[in-house]
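One-letter residues, chain by chain:
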Amino acid sequence: MFVGKAERRHLRELDAYLMSRGGGPGGWRRFVREFWFFGLKEARACLFAGLFFAAVFLTPRAGLFGVPRYDLLLLIALAIQGWMLWTGLESRDELKAITLFHLLGFALEAFKTSGGIQSWSYPDFAYSKLFGVPLFSGFMYAAVGSYIVQAWRLLRLRVEHHPPYWMAAAMAALIYANFFTHHYIGDYRWYLAACALGLYARATVIFQPLDRERRMPLLLGFVLIGFFIWLAENVSTFYGVWRYPNQLGAWSVVHVGKWSSWSLLALMSFTIVAHLQHVRRGISVPA
């Protein structure tokens, strides 16, 4: 109990420190300071993803103590998620949204790795595989939701000119469906991207690296998130966590087209998080 209280106190102190810094003098010194704290807040928001991918890199492919690698990654992911809930870094409502990411991600993984599709594969043995997919894989999608939840608080995010929720939900549903249907009726991601561009054209995210608010198009935020997911995917395939068919003989860079898929996934993820009550209060939808 004492250790738990100490952890909670240290985390609260860290977050309070990050969120209470002033900008100081102007000019290039302020720019450097603001950029530095923006990076620190982003790194802090990636806590779940950072810890999880550290485990991916550090866990030997052969596993440890007779436990296969995929099973170890599942246990580590569960431990991280439980710790974040226990320390108050994530609320129960936020955990429900993150669990939805996990379920949607696992369903997509099961479809993409099925015998008739085989978009990618998980080559190693695991006791915790279901339909050929290790259960830890859903946490890679949940990590995106966790990042958005944490960044919303640390950067004091707000969104102006967000589209009506039913339109955003319909857009997210179509994006998710296209991940499945493009194997049968064609890939419509660029049509969906064009629709998203029109729907979110005026949407602006307001964030606070230090004591001043900054703005950027919300769509740019989705594109940047997609880029960093694409980088993480390259690292993960390099370490053999999963492989695309063209990487079975020798590793190669993941096709840059995946960046667009991850950017659309980021849009879908944000739509889910946007329905949380405390997030919704910071979103302005024009009448």
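Residues numbered from 1 in each chain as written. Predicted model: local features only at pLDDT ≥ 70, side-chain atom pairs only at ≥ 80, totals over all residues. Heavy atoms only, no water.

**Points about the packing of helix α5 (residues 92-112) against helix α10 (residues 257-273)**
- Direction vectors running N to C along α5 and α10 enclose 145°, while the axes themselves pass 10 Å from each other. Here α5 runs over α10; the crossing is right-handed. For the pair α5 and α10, contact is made by A97, L100, F101 and L104 and by M268, S269, I272 and V273, respectively.
- Here the contact of α5 with α10 is composed, by residue class, of seven nonpolar, one polar and no charged. (Axes fitted to C-alpha atoms, helices over the stretch in contact; angles between N-to-C directions. Helix = DSSP H or I, 4+ residues; strand = E, 2+ residues; numbered from the N terminus. Left-handed = near helix turned anticlockwise from the far one by under 90°. Contact = heavy atoms within 4.5 Å. Nonpolar A, V, L, I, M, F, W, Y, C, P; charged D, E, K, R; others polar.)

**A short note on the nonpolar core**
- Core analysis: the largest hydrophobic core is formed by 79 residues, its most contacted members being F52, F136 and F270.
- Sort the elements by how many residues they give to this core and helix α6 (residues 138-154) lands first, with twelve residues.
- With near-sequence residues (within four places) excluded, F136 lies in contact with F52, Y70, L73, L74, Y122 and V241. (Core = buried A, V, L, I, M, F, W, Y, C linked by side-chain atoms within 4.5 Å. Buried < 20%, exposed > 50% of the residue type's maximum accessible area, 1.4 Å probe, protein only.)

**With respect to helix α9 (residues 218-238)**
- Under the 1.5 Å per step criterion, the end-to-end length of α9 is 31 Å for 21 residues, consistent within 8% with the ideal 30 Å.
- Within the sequence span of α9, burial applies to L218, L219, G221, F222, I225, G226, I229, W230, E233, N234, S236 and T237.
- A positive backbone phi angle near 75° is found at G240, which sits one or two residues after α9. (Expected span 1.5 Å × (residues − 1).)

**Considering the sheet that holds strand β4 (residues 204-207)**
- Within the open sheet, the three strands sit side by side as β3-β4-β5. Their pairing is antiparallel. In this open sheet, the two strands that pair with only one neighbour each are β3 (158-160) and β5 (214-217). For this sheet the average axis-to-axis angle between neighbouring strands, irrespective of direction, equals 30°.
- Looking at chain direction, β3 and β4 are connected through three bridges and run antiparallel. Paired with R158 across the bridge in β4 is I206. (Pairing = 2+ DSSP bridges.)

**Some points on the environment of A77**
- Checked against the element boundaries, A77 lands in helix α4 (residues 69-86).
- In the structure, A77 is positioned 66 residues away from L11 in sequence and 19 Å away in space, judged by C-alpha atoms.

**Considerations on the pattern of salt bridges**
- Overall, the coordinates contain ten salt bridges when judged by the stated rule.
- Two residues, D124 and R69, come together in a salt bridge whose shortest N-O distance is 2.8 Å. Here D124 is found in the loop between α5 and β1 (129-130), whereas its partner R69 is found in helix α4, with 55 residues between them in sequence. Assigned by exposure class, D124 and R69 land together as buried.
- Ionic pairing is found between D187 and R189, a salt bridge with its closest N-O pair at 2.8 Å.
- A single salt-bridge network, built from bridges that share partners, covers R30, E34, D211 and R214. (Salt bridge = Lys/Arg side-chain N within 4 Å of Asp/Glu carboxyl O.)

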